[in-house]
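# Architecture at a glance
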Amino acid sequence: MKEQLLKLKEEALNQLKECSGNADIEKIRVQYLGKKGELTLILRSMGSLSEEERPEMGKLANEVRAVIEEEIKAIKEEITAKENQKNAKSEIIDITMPGRIPEIGRRHPLIQVKEELESVFMRMGYDVVSGPEIDTVGNNFDDLNAPYDHPSRDRSDTFYVSDDLVLRTQTSPMQIRVMKEGKLPIRMVSTGRTFRFDDVDDTHSPMFHQMECLVVDKGVTLANLKDSIDQFVKELFGSNMKTRFRPHNFPFTEPSAEVDVSCHACMGEGCPTCHGTGWSMELLGCGMVHPNVLRNCGIDPEIYSGYAFGMGIDRVTMVKYGIPNIRLLFENDVRFLKQF
Ligand code: DAH
């Protein structure tokens with residue numbers, strides 16, 4: 001029996017050495033130490049031993065059990081430690097790795113300029129209002145003093161939705177809407193989309209953006225208009241920007257002018273960008289509100305006067321950021337937009 005026990009011990013220990021997982025160990029434990037295990041069977045047959053042999057064999061059998069149990073415990077610990085190490089390696093945090101930078105959206109350059117313009121005028125005490133992109137022919141033309149035969153009303157220039165509705169060709173109908181509300185005095189700006197039957201080229205798009213400004217009060221003069229435009233140009237582009245007024249014609253203003261600003265590239269010195277003139281192309285159209293327009297809106301031109309101007313936001317954005325082609329503003333290539 002002694003030999004049987006020692007052999008069993010050796011076999012069990014050898015088998016345990018080969019183990020690679022907890023399932024293997026459990027199988028061996030059951031094989032040797034389980035209820036019907038080999039060691040248990042040997043212990044059960046102890047009854048057939050003599051009185052003298054029994055305690056010795058009992059002691060040996062217990063030792064063998066203890067050795068096997070201990071070995072099982074040690075191997076289990078070893079396996080658990082190995083698994084922990086493996087997990088730790090796969091879960092390791094490398095604090096030297098660069099972080100993942102989340103992609104944060106940003107506002108389109110046109111929207112940035114629009115908001116900047118609005119905030120300049122809000123600081124100067126103007127209301128910011130908005131209105132529809134489809135407006136009546138009356139608001140877009142008639143009440144703005146553009147007679148039936150005015151060229152801008154031609155179907156080759158304007159998108160007609162029906163005989164009396166158009167995609168607005170300018171933000172100027174906002175003047176009519178605000179004046180017809182009847183609240184005086186008026187100091188407002190309004191930005192938004194405008195539409196014209198233009199082919200796309202470097203500086204034209206059938207959809208573009210404008211900002212309209214209207215002031216109506218008692219005693220408003222051309223001097224107020226010039227001063228306001230001068231102030232806002234300096235706020236927007238910098239204090240060394242100069243403005244130049246050139247006589248022009250618009251149906252809804254009298255007198256009317258176009259305004260140029262100093263060339264962005266040379267600040268008025270004269271360079272190839274401005275063809276040596278020192279002035280960049282016109283920034284806006286403006287003038288004193290025509291008495292007919294005031295009358296059309298129920299305002300007495302003998303008591304009230306006003307000034308107005310309209311400006312292309314796309315053009316301002318292009319001048320401000322040196323963007324050579326208007327298409328870039330509408331293609332929405334993320335590589336382009338990311339620069340602003
Ligand atoms: N609406 C004109 C245009 O689209 C621009 C303009 C000129 C607006 C003179 C005005 C103004 O308010 O007074 O060309």
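Above: the structure in question.
Parameters at a glance
Here the residue index of a chain counts from 1 through its sequence in written order. Since the coordinates come from a predicted model, pLDDT governs what is reported: local features require at least 70, and pairs of side-chain atoms require 80 or more to be given and counted, while whole-chain, interface and lining totals use all residues. Values shown for side chains rest on all heavy atoms present in the structure; no hydrogens or waters enter the calculation. Near, as used in this document, describes a residue that has one of its heavy atoms within 4 Å of the molecule or strand being considered. N or O atoms closer than or at 3.5 Å make up a polar contact, with two conditions inside protein: a donor-capable atom paired with an acceptor-capable one, and, for residues adjacent in sequence, both atoms drawn from side chains. In these tables, accessible area is a Shrake-Rupley quantity obtained with a 1.4 Å probe, and a residue counts as shielded only by the protein chains included in the view. Side-chain classes are defined by residue name, with Ala, Val, Leu, Ile, Met, Phe, Trp, Tyr, Cys and Pro counting as nonpolar, Asp, Glu, Lys and Arg as charged, and the others, Gly among them, as polar. Strand pairing requires that DSSP identify at least two bridges connecting the strands. Secondary structure follows DSSP: runs of H or I at least 4 residues long count as helices, runs of E at least 2 residues long count as strands, and numbering of each begins at the N terminus. In this description, a line fitted to the C-alpha atoms serves as the axis of each element, helices being fitted only across the stretch in contact, and the angle between N-to-C directions of two axes falls anywhere from 0 to 180 degrees. Summary of the burial criterion: residues with accessible area below 20% of their type's maximum are buried, those above 50% are exposed, and those between are partly exposed, where the area comes from a 1.4 Å probe applied to protein chains only.

The environment of the ligand is made up of 15 residues, and the closest members are Q170, Q175, R196, Q210 and E212. R196 places a side-chain nitrogen or oxygen 2.8 Å from an oxygen atom of the ligand. Measuring from an oxygen atom of the ligand, one finds a backbone N or O atom of A308 at 3.1 Å. Out of a free accessible area of 350 Å², the ligand has 89% covered by protein chains. Split by residue class, the shell around the ligand holds five nonpolar, eight polar and two charged.

Another point: the sheet that holds strand β4 (residues 165-167). Spatial ordering of the open sheet is given by β2-β4-β3, a layout of three strands whose pairing is antiparallel. Edge strands, defined here as strands with exactly one partner in the open sheet, are β2 (134-136) and β3 (160-162). Across this sheet, the average inter-strand angle for adjacent strands is 35 degrees, counted without regard to direction.

On to unusual backbone geometry. In this structure, P185 follows L184 across a cis peptide bond, with omega equal to -5 degrees. With respect to the helices and strands, P185 occurs in the loop between α7 (173-181) and β5 (186-195). A positive phi is found at N145, a non-glycine position, where the angle reads about 70 degrees. Among the secondary structure elements, N145 is positioned in the loop between α6 (137-140) and β3. With a phi angle near 55 degrees, H275 is a residue other than glycine that sits in the positive phi range. Positionally, H275 belongs in the loop between β8 (253-262) and β9 (279-289).

Another point: the pairing of β5. When you tally the buried positions in β5, you get eight out of ten residues, the bulk of the element. Across three bridges, strand β1 (residues 127-129) lies against β5 in parallel orientation. From the neighbouring strand, V128 faces β5, where its bridge partner is V189. The pairing of β5 with strand β6 (residues 207-217) spans ten bridges and is classified as antiparallel. By the bridge assignment for β6, S190 is matched with E212.

This is a description of form; function is not addressed.
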